[in-house]
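In case you want the letters, here they are:
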Amino acid sequence: MALNFVKELEWRGMLHDAMPGTEEYLMEGMQSAYVGIDPTADSLHIGHLVSVMMLRHFQLAGHKPIALVGGATGMIGDPSGKSSERNLLDEATLRHNQEALKNQLSRFLDFESDADNAAVLVNNYDWMKDFSFLDFIRDVGKHITVNYMMAKDSVKKRLSAEAKEGMSFTEFTYQLVQGYDFLHLFRTHNCTLQMGGSDQWGNITTGTELIRKIGGAKGYALTCPLITKADGTKFGKTESGNVWLDAERTSPYKFYQYWLNTSDADAEKYIKIFTFLSKQEIEHLVAEHSQAPHLRLLQKKLAEEITEMVHSKEDLENAIKASDILFGKSTSQDLKALNEKTFLDIFEGVPQAQVPMASLEGGLDMIAALSAQTGFLGSNGEARRELKQNSISVNKEKVQEDYLIGREDLINGKFVLLQRGKKNYFVLTVTE
């Protein structure tokens with residue numbers, strides 16, 4: 001007997017709505033379900049993760065997950081929640097993005113095994129690119145009335161008086177194209193369930209309608225809630241934009257920090273959604289956390305689990321070490337082990353000054369490093385005073401006035417970290 005997928009989503013807070021009979025249908029045996037993913041970038045961001053986690057739970061419950069890369073639909077633009085249309089991608093970019101997304105998805109889904117429920121990746125561009133407009137409106141369009149399409153919430157919102165922009169015919173037909181994807185996957189992969197965010201309900205049910213009318217069968221729909229933050233700000237966004245799964249776009253350190261900095265209320269919700277910890281483990285963690293919230297046990301466990309899952313154990317260990325550099329005890333060796341991107345991420349926003357490499361040749365004296373050449377401290381006198389009080393560090397190690405900064409102090413061959421007391425940092429960037 002397969003695990004109860006719907007019940008699993010329910011206790012995790014990942015179920016928003018499901019068509020009547022979905023749970024019973026899934027308990028009958030192995031079924032196939034798909035989730036659509038927009039390929040406009042060559043990386044997923046954490047906004048995609050909920051639906052990816054749904055596919056993973058689906059596979060763990062013994063079912064077959066299908067990840068659909070929306071090469072065709074990504075060119076059109078989905079009206080739900082969006083106010084403007086998307087850019088068209090050329091085929092080479094689309095294929096590049098598809099491969100990159102598959103690599104990321106394979107950290108969650110098993111594509112490679114011989115199991116009956118091995119995951120499949122498809123791209124709707126492959127079946128839409130040669131579908132002529134006349135064929136489409138004859139074979140698909142005639143089965144769905146305009147009244148039915150107008151009744152969808154996503155369409156109503158865009159046509160309401162409050163909407164700043166109207167809705168193009170292209171966007172209006174989006175639900176037909178997505179609906180046809182479901183019909184196509186039903187025919188070619190025996191796929192009978194589509195899943196997505198709650199804003200997708202209208203598009204998904206258009207697909208079940210096409211399966212009923214053209215395929216003469218029953219399709220099912222299941223959605224998850226849109227993830228929100230307790231403070232009302234947007235989930236998955238920082239001041240610098242999306243939190244990506246690609247380490248080049250969002251470093252593992254910044255990724256780890258994002259989850260570490262979640263509020264108590266959000267951490268309790270997210271640990272159910274974004275980890276595979278059992279109900280028992282999570283209840284135990286929540287109880288422990290409530291006894292000593294200042295230890296941030298929930299946040300730490302959440303950040304550890306998801307960083308290791310998306311990146312690797314080594315990346316997680318490095319992210320923890322990097323976090324300790326700011327907030328814990330660390331040495332110059334720890335600093336020198338950081339790559340340049342992580343170093344700059346950690347000390348983002350810290351004041352900086354440039355000094356030429358030539359000034360390190362004979363050794364840069366501490367007064368010059370603290371004041372005369374950098375302006376870190378207000379005056380030479382203040383620099384001397386702080387050095388006498390033993391409150392100045394170079395690369396996390398205390399120094400006296402007679403210390404000279406040389407090439408051997410360079411982190412990544414170009415940085416020196418100065419510090420006054422515990423919290424005042426300053427970065428010297430050494431230029432050739």
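Residues numbered from 1 in each chain as written. Predicted model: local features only at pLDDT ≥ 70, side-chain atom pairs only at ≥ 80, totals over all residues. Heavy atoms only, no water.

1. Topic: the domain arrangement of the protein chain
As a reminder of what qualifies: Segmentation of the chain into domains, including their bounds, is taken from an automatic or database domain assignment. By buried area we mean how much accessible surface two parts lose on assembly, using a 1.4 Å probe and totalling the loss over both. One side-chain nitrogen of Lys or Arg within 4 Å of one carboxyl oxygen of Asp or Glu is enough to make a salt bridge. Two N or O atoms form a polar contact when they lie within 3.5 Å of each other; inside protein one atom must be a possible hydrogen donor and the other a possible acceptor, and for residues adjacent in sequence the pair counts only when both atoms belong to side chains. Put simply, DSSP H or I for four residues or longer makes a helix, DSSP E for two residues or longer makes a strand, and each gets a number counted from the N terminus.
The domains assigned to the protein chain are domain 1 (5–224), domain 2 (237–330) and domain 3 (345–430). When residues of domain 1 are sorted by the area they lose upon contact with domain 2, Trp11, Arg12 and Ile46 head the list and together hold 34% of the total. Counting the contacts that link domain 1 with domain 2 gives one salt bridge. Across the pair Arg249 and Asp42 runs a salt bridge, and its minimum N-O distance is 2.8 Å. At the junction of domain 1 with domain 2, the criterion picks out eleven residue pairs in polar contact (both at pLDDT 80 or more). The element that contributes the greatest number of residues to the side of domain 1 that touches domain 2 is helix α3 (residues 49–60), accounting for six residues.

2. Side note on the environment of Lys301
Within the secondary structure, Lys301 sits in helix α16 (residues 297–310). It is 9.4 Å that separates the C-alpha atoms of Lys301 and Trp259, two residues lying 42 residues apart in sequence.

3. A few points about the pairing of strand β15 (residues 424–431)
To keep things clear, this is the line we draw: To sort residues, take the accessible area from a 1.4 Å probe on protein chains only and compare it with the maximum for the residue type: under 20% means buried, over 50% means exposed, and anything in between is partly exposed. Each pair of strands is called paired provided DSSP finds at least two bridges between the two strands.
By the criterion of burial, β15 is predominantly enclosed, with six of the eight residues buried. Pairing analysis gives five bridges linking strand β9 (residues 352–356) to β15, with the strands arranged parallel. Of the residues in β15, the one forming a bridge with Gln354 is Thr429. When strand β14 (residues 415–420) meets β15, the two strands line up antiparallel, connected through six bridges. Counterpart to Leu418 in the pairing with β15 is Phe426. Where β14 folds back onto β15 in an antiparallel hairpin, the turn is made up of three residues, including Gly421, whose phi is positive at roughly 65°.

4. Concerning the sheet that holds strand β12 (residues 397–398)
With respect to topology, five strands assemble into an open sheet ordered β9-β15-β14-β11-β12, the strand pairing being mixed. Where the open sheet ends on each side, the last strands, each with one partner, are β9 and β12.

5. A word on the packing of helix α14 (residues 264–273) against helix α15 (residues 279–291)
The following threshold applies: Only the contacting stretch of a helix is used when fitting its axis, a line to C-alpha atoms as for every element, and angles between N-to-C directions run 0 to 180 degrees. Each angle is binned into one of four classes, with values under 35 degrees roughly parallel, values over 145 roughly antiparallel, values of 65 to 115 roughly perpendicular, and all other values oblique. Helix crossings are classified by the rotation of the near helix relative to the far one: an anticlockwise turn of less than a right angle makes the crossing left-handed, while a clockwise turn makes it right-handed. The criterion used for residue contact is that any of the two residues' heavy atoms lie within 4.5 Å. Charged residues are taken to be Asp, Glu, Lys and Arg, nonpolar residues to be Ala, Val, Leu, Ile, Met, Phe, Trp, Tyr, Cys and Pro, and polar residues to be all remaining types, Gly included.
Where α14 contacts α15, the two axes come as close as 10 Å, and the packing angle between them is 165°. Taken together, the axes of α14 and α15 lie roughly antiparallel to each other. By crossing handedness, the relation of α14 to α15 is classed as right-handed. Where α14 abuts α15, its residues Asp264, Glu268, Ile271 and Lys272 lie against Ile282, Leu285, Val286 and His289. When grouped by side-chain class, the residues that make up the contact of α14 with α15 number four nonpolar, one polar and three charged.

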